[in-house]
Amino acid sequence: SPYRFDQVYMTINSICEFLFEAFRRDAQIAALIVKTTKLLPKIFELMRFTLDNAASFRDPSKGKIPLNNQGLLTIFIDKIVKLLHICMLHPRDYSTDLIARFLTERPLDDLDNSTPRNWVYLIKMFRLIGSKHSSYYYGHIDVKLSICRLIAEILMRMPNSSVKEHYLDETVRLFDVEKYIDQGYLEDESEIETYGGLFLLEFGEVFR
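Given the structure is predicted, the values throughout are model-derived calculations rather than measurements.

A. Region of interest: empty space enclosed by the protein. Going through the model one piece at a time under the given rule, you end up with two cavities of 30 Å³ or more. By volume, the second largest cavity amounts to about 30 Å³. Together, Phe44, Met47, Leu84, Ile99, Phe102, Leu103, Leu122, Leu150 and Ile154 line the second largest cavity. Per element, the largest residue contribution to the lining of the second largest cavity is three residues, and it comes from helix α5 (residues 92–104). Along the lines of polarity and charge, the residues of the lining of the second largest cavity split into nine nonpolar, no polar and no charged.

B. Spatial organisation of the environment of arginine 24. Along the polypeptide, arginine 24 turns up in helix α1 (residues 2–25). For arginine 24, a relative accessible area of 49% translates into the label partly exposed. Between the C-alpha atoms of arginine 24 and cysteine 87, which are 63 residues apart in sequence, the distance is 9.6 Å. Only 2.5 Å separates the side chain of arginine 24 from the side chain of glutamate 21, close enough to count as a polar contact.

C. Quick peek at the pattern of salt bridges. Summed over all chains, the structure comprises 10 salt bridges. The salt bridge involving lysine 124 is made with aspartate 52; its shortest N-O contact spans 2.8 Å. Here the residue lysine 124 occupies a position in helix α6 (residues 119–129), and aspartate 52 occupies one in helix α3 (residues 39–54), the gap between them amounting to 72 residues. Classification of lysine 124 as buried rests on a relative accessible area of 11%. Exposure remark for aspartate 52: the relative accessible area of 36% places this residue in the partly exposed category. Note that glutamate 202 and arginine 127 form a salt bridge whose closest N and O atoms lie 3.0 Å from each other. On the criterion of sequence distance, the pair formed by glutamate 202 in helix α10 (residues 195–207) and arginine 127 in helix α6 is long-range, its members being 75 residues apart. Here the salt bridges do not stand alone but share partners, grouping Glu21, Arg24 and Arg25 into one network.

Each value, and the rule that gives it
- Residues numbered from 1 in each chain as written.
- Predicted model: local features only at pLDDT ≥ 70, side-chain atom pairs only at ≥ 80, totals over all residues.
- Heavy atoms only, no water.
- 1 Å grid on protein atoms, 1.4 Å probe; cavity = no way out; pocket = protein on both sides within 12 Å on 5 of 7 lines; lining within 4 Å.
- Points joined across faces, edges and corners; volume = space filled by probe spheres on them.
- Helix = DSSP H or I, 4+ residues; strand = E, 2+ residues; numbered from the N terminus.
- Nonpolar A, V, L, I, M, F, W, Y, C, P; charged D, E, K, R; others polar.
- Buried < 20%, exposed > 50% of the residue type's maximum accessible area, 1.4 Å probe, protein only.
- Polar contact = N/O pair within 3.5 Å; in protein donor to acceptor, adjacent residues only side chain to side chain.
- Salt bridge = Lys/Arg side-chain N within 4 Å of Asp/Glu carboxyl O.

The following block contains the structure:
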């Protein structure tokens, strides 16, 4: 039932807030937990499940998680972004590598490269925070700002990590190249949306 999912995400949000506060107060504990446990992979898994089922990238109105209080998703994104950001501080190199690899990778079974890279989850975060449910939540612009800061921090640190290519100039989804060659133009310009281009649009919405 929706109320059961509400309780689940209230608990998840509370755990994320507890971890964030603990890491903020003690950098050594943060570095130890991040480096010796599967905390970050579990955060990625939880983020992927929630954002895949909460909203479609192309149609934010279609959600599969029956939450009674949609504002819990805004709080969830806020907590996850804060947790990822503080994990990048302690320990820096290790967590930056893990986060950068996650964002730039595709599923191993995606042989034709038709699935978007995981950058798409940060775009989904922007879209969810920009939805009508989140606009009623006090401080939703601050959540968008925290996503912007996280992206900026990742891009600044990526050159010093093992991940050298950010793929931001890559298109989010494949388009029909043969059709483009034959007619010399695209009927729908959204077919050539890149990750970097979409981030710039979202940044523009925040800082306009």
